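Given next are the chains, with one letter for each unit.
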Amino acid sequence: MKAIKIVGGKTLSGSIRISGAKNSAVALIPAAILASDKVTICNVPEITDTDALSEILEYLGAKVNRASESMVIDPSTITNKEIPSSISKKLRASYYFMGALLGKYKKVSMYFPGGCSIGKRPINLHLKGFEALGATVTIENDLYKVEAKELKGNQIYLDIASVGATINIMLAAVLAKGETVIDNAAKEPEIVNVATFLNNMGAHISGAGTSKIIIKGVTELKGCFHEVIPDRIEAGTYAIMGALCGSYLKIDNIIPKHLESLLLKFEEMGVDTEVGEDYISISKPNNYKPTSIKTMVYPGFPTDLQQPFTVLLTQSKGTSSVEETIFENRFMHVPYLNKMGANIVTAGNKASIKGPTPLTGCEVEATDLRAGAALVVAALVADGETIITNVEHILRGYEEIVEKLTNVGAKIEIVEID
Ligand code: EPU
């Protein structure tokens, strides 16, 4: 079994180049289906989630050519067939094949997606959107069949500003007849990146990045060239490591605006950062003030950074608090942080953290992607050796994490254990 071994206590300095955003790339790859000819996407992170999506594309008959971080997808050879659970379950983002195949072929049949077990994660809003466009949905066990004679624009109100539903409805609506309006749309930067991609292909989408997105249907989308935005969650994770162990640790190739909520929390805690046009540089302060975070949709504090940020809170003097409002089950890292020496008490969707507490290395398990990231953060600051098992979760979302951290002075390696 693969594990990550980290010997903590090292100072991190130098520069980490941030990869393309996972949560953007995982939507752009299925979206390529909508084009009539070749699409080139660059800055695609080399992580197992993007590998799994290539596998689905190839299973459908698309030609996928990957050279390092660029991916050329020729969707013209696709056959629209049922996507089996063995591949749909590999990740959450396989659900974007629903919107893309429905949009292009007016029909899709696939099994429920997989992904991190961080909550119930229903897809009722995705389906509500497809139905509003004229599709019928049938569900047998875990098999979702969605089809329409014709897709017609409509006004769709999202009860929750869901990232997945917003993107999936955009994918289904770009080739629909007439105008679709998504109200209470999610505003995350990844949504803007996907809308820009579709517009580069010839779609007419306006308002992405606001809570009202308007899509005027077109009859055809063409191939194009597009770039994935930098991963704000990967950047935020390394920035938190910098706040704990950094000496001028530079987080490079980022859009600092996407990290505003995190940077403001650093300021409250007394962590100094230097913010450049496309980088931040961060050093560990002598001590940290406690603070509270509440996860919110963008531009609020991202749920994906809640788990790594909690590690920083264990080192602040006094009581800090965390409120998780997006997912019901995002505290699975807490027992492991407590095993390492933290003093965290959870009650429902809230956690109270008393610090500072020294952390000590031990064997811990990555229960999901960001819980795994939190454990890497904790291991870097801990005394002694930490072994993190279930590393597959981490490798789904962090490109070359071992190499990137080794280059800035961490003692980290992948090992085989029994
Ligand atoms: N929700 C519903 N019904 C729906 C859709 C969502 O009730 O039809 C609920 C969810 O259960 C959740 C909330 O709405 O409680 C927000 O879910 P959302 O749809 O926004 O999240 P998602 O599309 O499942 C994406 C990212 C997550 C990230 C969230 C929030 C991808 C593949 N996943 O998930 O990323 O946490 O948005 O920003 O883009 C991660 O990278 O570790 C990760 C989990």
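Residues numbered from 1 in each chain as written. Predicted model: local features only at pLDDT ≥ 70, side-chain atom pairs only at ≥ 80, totals over all residues. Heavy atoms only, no water.

Our next topic: the overall build of the protein chain. A tally of helices and strands in the protein chain yields 14 helices and 23 strands. A compact globule built from 418 residues should have a C-alpha radius of gyration of about 22 Å, and the protein chain, at 21 Å, falls within 12% of that. Overall, the protein chain is about 60 × 45 × 40 Å in size when its C-alpha atoms are taken along their principal axes. Relative to its full complement of 418 residues, the protein chain shows a buried share of 57%. For the protein chain, the exposed surface amounts to about 16,000 Å²; the carbon and sulfur share of it is 49%. Averaging the locations of the 42 positively and 47 negatively charged side chains of the protein chain gives two centres separated by 4 Å. (Helix = DSSP H or I, 4+ residues; strand = E, 2+ residues; numbered from the N terminus. Rg over C-alpha atoms; globule rule 2.2 N^0.38 Å. Buried < 20%, exposed > 50% of the residue type's maximum accessible area, 1.4 Å probe, protein only. Areas by Shrake-Rupley, 256 points an atom, 1.4 Å probe, with all protein chains shown as cover. Lys, Arg positive; Asp, Glu negative; His and termini not counted. Charge placed at Lys NZ, Arg CZ, Asp CG, Glu CD.)

To continue, consider the sheet that holds strand β1 (residues 2-7). The strands that make up a sheet are held in pairs by hydrogen bonds between backbone atoms, and each pair lies either parallel or antiparallel. As summarised here, the arrangement of the four strands in space is β21-β22-β1-β23, forming an open sheet in which the pairing is mixed. Two strands bound the open sheet, and with one partner strand each, they are β21 (363-365) and β23 (411-416). Averaged over neighbouring strand pairs, the angle between their axes works out to 25 degrees when direction is ignored. In terms of strand pairing, β1 meets strand β22 (residues 385-389) through five bridges, oriented antiparallel. (Pairing = 2+ DSSP bridges. Axes fitted to C-alpha atoms, helices over the stretch in contact; angles between N-to-C directions.)

Let's shift gears to the environment of threonine 237. Tracing the sequence through the fold places threonine 237 in helix α8 (residues 232-245). On the basis of relative accessibility, which here comes to 2%, the residue threonine 237 falls in the buried class. The sequence separation of threonine 237 and alanine 374 amounts to 137 residues, and the corresponding C-alpha distance is 8.1 Å. Not counting residues up to four positions away in its chain, the partners in contact with threonine 237 are Leu305, Pro308, Ala373, Val377 and Tyr398. At a separation of 2.7 Å, a polar atom in the side chain of threonine 237 contacts the main-chain carbonyl oxygen of isoleucine 233. (Contact = heavy atoms within 4.5 Å. Polar contact = N/O pair within 3.5 Å; in protein donor to acceptor, adjacent residues only side chain to side chain.)

This next bit is on the nonpolar core. One finds Phe97, Met170 and Leu198 to be the most contacted residues of the largest nonpolar core, which totals 79 residues. Looking at this core element by element, the count peaks at seven residues for helix α6 (residues 163-173). Formed by 69 residues, the second largest nonpolar core is a distinct cluster that contains Ile6, Ile18, Ala374 and Val402. (Core = buried A, V, L, I, M, F, W, Y, C linked by side-chain atoms within 4.5 Å.)

Put simply, tyrosine 298 and proline 299 share a cis peptide bond, and its omega is 10 degrees. In this structure, proline 299 sits in the loop between β17 (292-294) and α10 (303-313). Each neighbour pair has its own omega, and for glycine 355 with proline 356 the value is 0 degrees, a cis peptide bond. Its place among the elements puts proline 356 in the loop between β20 (350-355) and β21.

With that settled, the discussion passes to the packing of α6 against helix α7 (residues 189-200). Where α6 meets α7, the closest approach of the two axes is 10 Å, and the angle between their N-to-C directions is 10 degrees. Overall, the two elements α6 and α7 adopt an arrangement that is roughly parallel. Taking contact as the criterion, the partners of Val163, Thr166, Ile167, Met170 and Leu171 in α6 are, on α7, Ile191, Val194, Ala195 and Leu198. Of the residues belonging to the contact of α6 with α7, the class tally is eight nonpolar, one polar and no charged. (Parallel < 35°, antiparallel > 145°, perpendicular 65-115°, else oblique. Nonpolar A, V, L, I, M, F, W, Y, C, P; charged D, E, K, R; others polar.)

A complete count under the given rule lists 18 salt bridges for this structure. When the shortest N-O distance is used, the salt bridge between aspartate 51 and arginine 66 registers 3.4 Å. Here aspartate 51, found in helix α2 (residues 48-60), pairs with arginine 66, found in strand β4 (residues 63-67); they are 15 residues apart in sequence, far enough to count as distant. We classify aspartate 51 as partly exposed; its relative accessible area is 41%. Between lysine 265 and glutamate 268 there is a salt bridge whose closest N-O contact spans 3.1 Å. Linking lysine 265 with glutamate 268, this pair stays in helix α9 (residues 260-269), spanning three residues, or about one helical turn. The exposure class of glutamate 268 is partly exposed, given its relative accessible area of 41%. A single salt-bridge network, built from bridges that share partners, covers Lys22, Asp49 and Arg396. (Salt bridge = Lys/Arg side-chain N within 4 Å of Asp/Glu carboxyl O.)

This part is about the site of the ligand. Taken together, 22 residues lie around the ligand, and Tyr95, Asn124, Ser162, Asp304 and Ile326 are the ones closest in. In the environment of the ligand, an oxygen atom lies 3.1 Å from a nitrogen or oxygen atom belonging to the side chain of asparagine 23. A distance of 2.5 Å is found between an oxygen atom of the ligand and a backbone nitrogen or oxygen belonging to isoleucine 326. Here the ligand has 830 Å² of accessible area as a free molecule, and 92% of this is covered by the chains. Of all elements in the fold, only α1 (22-31), α5 (124-132), α6, α10 and α12 (369-381) reach the threshold of two or more residues within the shell around the ligand. (Near = heavy atom within 4 Å.)

Here we come to the side chain of threonine 314. As for its placement among the helices and strands, threonine 314 is situated in the loop between α10 and β18 (318-323). There is a polar contact of 2.5 Å between the side chain of threonine 314 and the backbone oxygen of valine 311. Only 2.9 Å separates the side chain of threonine 314 from the side chain of glutamine 315, close enough to count as a polar contact. When near neighbours in sequence (up to four residues on either side) are disregarded, threonine 314 contacts Ala342, Ile344, Ile353, Gly355, Pro356, Thr357 and Leu359.

The next subject is the environment of glutamate 324. Considering the arrangement of structural elements, one finds glutamate 324 in the loop between β18 and α11 (334-339). The exposure class assigned to glutamate 324 is buried, which follows from its relative accessible area of 3%. Other than its neighbours up to four places away in sequence, glutamate 324 contacts Thr295, Thr303, Gln306, Arg330, Phe331 and Asn349. Side-chain polar atoms of glutamate 324 contact the side chain of threonine 303, separated by 3.0 Å.

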